[in-house]
Amino acid sequence: MIELVLQAIFSGILVGSVYALVALGLAIAFGTMRIINLAHGELVLLAAYTAYFVETNTGLNPYAAIPLALVLVGGLSAVLFLMINRIREHRELNSLILTFAVGIIITNAILLAFASDVRTTTSPLLQDAVSIGPLFAMNGEVVAFAVSLLLMGGLWWWLKGSWYGQAVRAVSSNRDAARLMGINPVRTEYVAFIAAGVLASVAGVALYTMSVVQPSIGHAFTVKAFIVTVLAGVGSIPGVFLGAILLGVTEALTVTLASSALQELAGMALFLLVLFFLPTGLFGARARRG
Amino acid sequence: MLEIRHLRSGYGRVTVLWDVSLTFREGTLTTIVGPNGAGKTTLLKTLAGLIPYEGDIRLGGEPLRGKAWDLAERGIILVPEGRMVFRDMSVEENLSLGAYPRRCRAAFASNLERVYSLFPRLKERHGQLAGSLSGGEAQMLAIGRGLMSMPRILLIDEPSLGLAPVIVKEVFDIIRRLKEEAITIVLVEQNTHIAVGVADDVHLMRSGRVLLSEPAANVDLDRLHDLYLAREAQSA
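The structure presented is a predicted model; accordingly, all values stated were derived computationally and were not measured. (Residues numbered from 1 in each chain as written. Chains lettered and ligands numbered in written order. Predicted model: local features only at pLDDT ≥ 70, side-chain atom pairs only at ≥ 80, totals over all residues. Heavy atoms only, no water.)

Some words on the overall build of chain B
The number of helices and strands found in chain B is eleven helices and ten strands. Against the globule reference of 18 Å for 236 residues, chain B gives a C-alpha radius of gyration of 17 Å, in line with a compact fold. Taking the principal axes of the C-alpha coordinates as reference, chain B spans close to 55 × 40 × 30 Å. Of the contacts formed within chain B by residues at least 6 apart in sequence, a portion of 66% connects residues at least 24 apart. Total accessible area on chain B is roughly 10100 Å²; 51% of this is exposed by carbon and sulfur atoms. (Helix = DSSP H or I, 4+ residues; strand = E, 2+ residues; numbered from the N terminus. Rg over C-alpha atoms; globule rule 2.2 N^0.38 Å. Contact = heavy atoms within 4.5 Å. Areas by Shrake-Rupley, 256 points an atom, 1.4 Å probe, with all protein chains shown as cover.)

Some words on the pairing of strand β3 (residues 29-33) of chain B
All names here are of chain B. Among the five residues that make up β3, five are buried, leaving the element largely enclosed by the rest of the structure. Burial along β3 is two-sided: Leu 29, Thr 31 and Val 33 and Thr 30 and Ile 32, pointing in opposite directions, are all buried. Where β3 meets strand β8 (residues 184-188), four bridges bridge the pair, whose relative direction is parallel. Counterpart to Ile 32 in the pairing with β8 is Val 188. Sheet topology places β3 next to strand β9 (residues 201-206); four bridges connect them, and they run parallel. (Buried < 20%, exposed > 50% of the residue type's maximum accessible area, 1.4 Å probe, protein only. Pairing = 2+ DSSP bridges.)

Concerning the sheet that holds strand β1 (residues 2-11) of chain B
The pairing of strands in a sheet comes from backbone hydrogen bonds and takes either a parallel or an antiparallel form. All names here are of chain B. Strand order across the open sheet formed by four strands is β2-β1-β4-β5, with antiparallel pairing between neighbours. Each end of this open sheet is capped by a strand with a single partner; those strands are β2 (14-24) and β5 (62-63). Against the sheet, helix α1 (residues 40-47) engages β1, β2 and β4 (53-59), with an angle of about 110 degrees to β1. (Axes fitted to C-alpha atoms, helices over the stretch in contact; angles between N-to-C directions.)

Some details on the interface of chain B and chain A
Counting residues at the interface gives 23 residues for chain B and 22 residues for chain A. When chain B packs against chain A, close to 2200 Å² is buried across both sides, 63% of that on carbon and sulfur atoms. For the chain B face of the interface with chain A, the top three residues by lost area are Trp 69, Phe 86 and Tyr 100 of chain B, together amounting to 31%. For Glu 93 of chain B, the salt bridge identified is with Arg 169 of chain A, shortest N-O distance 3.0 Å. For the pair chain B and chain A, the interface holds four residue pairs in polar contact (both at pLDDT 80 or more). Going through the elements one at a time, α2 (68-73) and α3 (91-98) of chain B are the ones with two or more residues in the side of chain B that touches chain A. (Buried area = accessible area lost by both parts, 1.4 Å probe. Salt bridge = Lys/Arg side-chain N within 4 Å of Asp/Glu carboxyl O. Polar contact = N/O pair within 3.5 Å; in protein donor to acceptor, adjacent residues only side chain to side chain.)

Brief notes about empty space enclosed by the protein
All names here are of chain A. Scanning all chains against the criterion turns up one cavity of 30 Å³ or more. Of the volumes computed, that of the largest cavity is approximately 30 Å³. Every residue along the wall of the largest cavity is listed here: Tyr 19, Val 22, Leu 207, Phe 221, Lys 224 and Ala 225. Among the secondary structure elements, those contributing two or more residues to the lining of the largest cavity are α1 (2-33) and α10 (218-232). Per-element tally for the lining of the largest cavity: the top contributor is α10, with three residues. (1 Å grid on protein atoms, 1.4 Å probe; cavity = no way out; pocket = protein on both sides within 12 Å on 5 of 7 lines; lining within 4 Å. Points joined across faces, edges and corners; volume = space filled by probe spheres on them.)

Let's talk about the UniProt feature "transmembrane region" (unreviewed entry) in chain A
Mapped onto the present numbering, the UniProt feature "transmembrane region" (unreviewed entry) falls on residues 6-28, 35-54, 60-84, 96-115, 135-159, 190-210 and 265-285 of chain A. Helix makes up 76% of residues 60-84 of chain A and strand makes up 0%, while its end C-alpha atoms are separated by 36 Å. (UniProt positions renumbered as here; feature names shortened; annotations may be inferred.)

Here's what the structure looks like:
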């Protein structure tokens, strides 16, 4: 029994790292624009199917699809931004409708192109088991974990150390003050959306290699990203990482101890509990507005 | 030299500034005083590119138009009312954002050194979140951040707002030092006494117009206060 629990925790941590990438993409776009991109999960899904497409058509490792995914998903993210940016009135509400609709279109385009079957990588290399002490994982899971950590490190560096990254943080923190620093807020939002697209691209490819995808699960990624953001409170990358791992572990434990049918429900229950008892998030104890 | 001719601006259909003409001489400190609602802050916001305007603004003969971020590139730097520091970023990150305009990036390190020598308190607190600073420290950070942008003209809006008198004195000591370094400064201030004390030129605004323009040396504070407070009588 204890081995099963440990194994579930281990698997939860591995998949949680990819949830963190998805959540960070949602958060970075939200931070600058104060807009929730309901199509974010579908962007991740598109990247996953790009990996599927490249793998089945070329026989290459799915990770070889990342450049194509970057172009497709990053480009789509940019287009999405340009559409949102045209909204003049009630931007918060109208952008929800717009991005929700774009999500539906992406899902159905994928359904049309690839049918509703469940897909996962066929690469024997990625599917091979690897044992770490008493725990087991697929190579794909370990690689996805490493890739996620690497990308999060990159994002951390970008936000802290580059001028564009600092502009993204400045606009998120105080839009009016950012303008006075010589920062063009709209251009910065554009950059943030593309960065979110980059995160979604890699997350999608990673999810394809470690788990199964089908056209209907796009919105589930958005919901997961949302739950993680609530768990973490708005802000820090380590907070999002821990929140994502908590969600991954909760889901994995639910599958192990109860049933996989309850997986999504467990995430939602966690979400409600945190909202109820810790409304500022697990790590966002400070309320800092004003 | 910054010249304003027949400036008219406001918010949407509400006109705040009516036909304002002013000249700010290079390397001097100009103080603008006036009661609430006189349009002082609107004037600074207009100069900084936050509000569209009609009329003519020229910096060294060149027309000055554009968005706030373009004007920041050209050296028009506003230290806004209420400081507007990036509360969830550290003191040093705030200063580093001051150096965001491209022309300021190369000199970042030496400017940072200079700001830290002007404000040793900021150096002590360089890793602290700006949101945790006291009002006086936040004001120093806002001014320091403005200096990081290597201003050709530094616009400072109500630096004494909400500060204890002893802190106000400290802030104005710094402003006096900046003046000695020949930075062109436009200062908007409610605290007439101290603001006229540091100024070269003084303008009094009321109801969106300039009522009085004098060299600071000639300003008679009693007369200034009479004009300042005459609002009720005028509008009646």
